[in-house]
Amino acid sequence: MDKDKLFSSLEEQYKLPSGLLNAVMMQESRGNANAVSPKGAQGYFQFMPATEKQYNVNPSDLTSSATGAARMYADLLKQNNGDLDSALAGYNWGQGNLSRKGLDKAPKETRNYIAKVKQGMGGSGSMGGVGKMPEVEDLEALYAQAAPVE
């Protein structure tokens, strides 16, 4: 199975936003099976050893690693009431840190991680293929650009 089919199948199975797994993998390792971070995270999805054990992951095997990441994101989304930003923060910063300190106290690295993953997904990070509503400021800008009705 090719990477795109694997990822879309896992995203459908675990009810994850479309494009999440590829965006996370590219942010974590740029698709390098042998990547190792200074903190000891390994493989495609940069699992820490304890998390590898928890999700029974071989970090350098794409199917195993992607399945572990999908399962972990499903858990994180459930723990964070479906909030993608919080799930991304939990993956990057640790759910314990997020639970204790809150998303508003996330370090700059984690805030940047959230933005980069969502950008890699196409910016919306939408659930179930439904597009994100523009922010009020964005709507006002769209209205300002619209041609007047005659």
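Residues numbered from 1 in each chain as written. Predicted model: local features only at pLDDT ≥ 70, side-chain atom pairs only at ≥ 80, totals over all residues. Heavy atoms only, no water.

### Describing the overall build of the protein
- On a plain count of helices and strands, the protein comes out with 8 helices and 0 strands.
- Each helix and strand of the protein, ordered N terminal to C terminal, gives the series α-α-α-α-α-α-α-α.
- Across the 150 residues that make up the protein, the buried fraction comes to 39%.
- Here the contacts in the protein between residues at least 6 apart in sequence split such that 40% fall between residues at least 24 apart.
- Counting every atom, the protein has about 9100 Å² of accessible surface; 50% of that belongs to carbon and sulfur. (Helix = DSSP H or I, 4+ residues; strand = E, 2+ residues; numbered from the N terminus. Buried < 20%, exposed > 50% of the residue type's maximum accessible area, 1.4 Å probe, protein only. Contact = heavy atoms within 4.5 Å. Areas by Shrake-Rupley, 256 points an atom, 1.4 Å probe, with all protein chains shown as cover.)

### Side note on the environment of Asp75
- Among the secondary structure elements, Asp75 is positioned in helix H4 (residues 62-79).
- The class for Asp75 is partly exposed, based on a relative accessible area of 33%.
- Residues Asp75 and Tyr14, spaced 61 residues apart in sequence, show a C-alpha to C-alpha distance of 9.4 Å.

### Here we look at the nonpolar core
- Counting residues in each nonpolar core, the largest one holds 34 residues, and the members touching the most others are Leu20, Val24, Phe45, Tyr73, Leu88 and Tyr91.
- Elements supplying a minimum of two residues to this core: helix H1 (3-13), helix H2 (20-29), H4, helix H5 (84-93) and helix H7 (108-120).
- Leave out the neighbours within four places in its chain, and Val24 touches Phe45, Tyr73, Leu88, Tyr91, Tyr113 and Val117. (Core = buried A, V, L, I, M, F, W, Y, C linked by side-chain atoms within 4.5 Å.)

### Considerations on the side chain of Asn80
- Along the polypeptide, Asn80 turns up in the loop between H4 and H5.
- Given a relative accessible area of 12%, Asn80 falls into the buried group.
- Within the structure, Asn80 has its side chain in polar contact with the backbone oxygen of Leu76 (distance 2.8 Å).
- Within the local environment of Asn80, its side chain forms a polar contact with the side chain of Gln95, the two groups lying 3.0 Å apart.
- Other than its neighbours up to four places away in sequence, Asn80 contacts Ser86, Ala87, Gln95 and Leu98. (Polar contact = N/O pair within 3.5 Å; in protein donor to acceptor, adjacent residues only side chain to side chain.)

### Topic: the packing of aromatic side chains
- Throughout the structure, instances matching the rule amount to 3 aromatic pairs.
- Look at Phe47 and Tyr91: their rings are 6.3 Å apart centre to centre, the planes differ by 65 degrees, and that puts the pair in the edge-to-face class. With Phe47 in the loop between H2 and helix H3 (49-54) and Tyr91 in helix H5, the pair connects residues that are 44 residues apart, well separated along the chain.
- Classification of Phe47 as buried rests on a relative accessible area of 1%.
- Where Tyr73 meets Tyr91, the ring centres are 4.6 Å apart and the plane angle is 15 degrees; that geometry is what we call stacked. Pair noted here: Tyr73 is in helix H4 and Tyr91 is in helix H5, with a separation of 18 residues, a long-range link.
- Taking relative accessible area as the criterion, Tyr73 reaches 0% and is therefore assigned buried.
- Every member of this aromatic cluster is reached through a ring pair, and the members are Phe47, Tyr73 and Tyr91. (Phe/Tyr/Trp six-rings, centres within 6.5 Å; stacked < 30°, edge-to-face > 60°.)

### Observations concerning the pattern of salt bridges
- As enumerated under the stated definition, the model contains 2 salt bridges in all.
- In this structure, Lys3 engages Asp4 in a salt bridge whose closest nitrogen and oxygen atoms are separated by 3.2 Å.
- Owing to a relative accessible area of 51%, Asp4 belongs among the exposed residues under this scheme.
- Across the pair Asp85 and Lys118 runs a salt bridge, and its minimum N-O distance is 2.8 Å. Placement of Asp85 in helix H5 and of Lys118 in helix H7 is noted, with a sequence separation of 33 residues between them. (Salt bridge = Lys/Arg side-chain N within 4 Å of Asp/Glu carboxyl O.)

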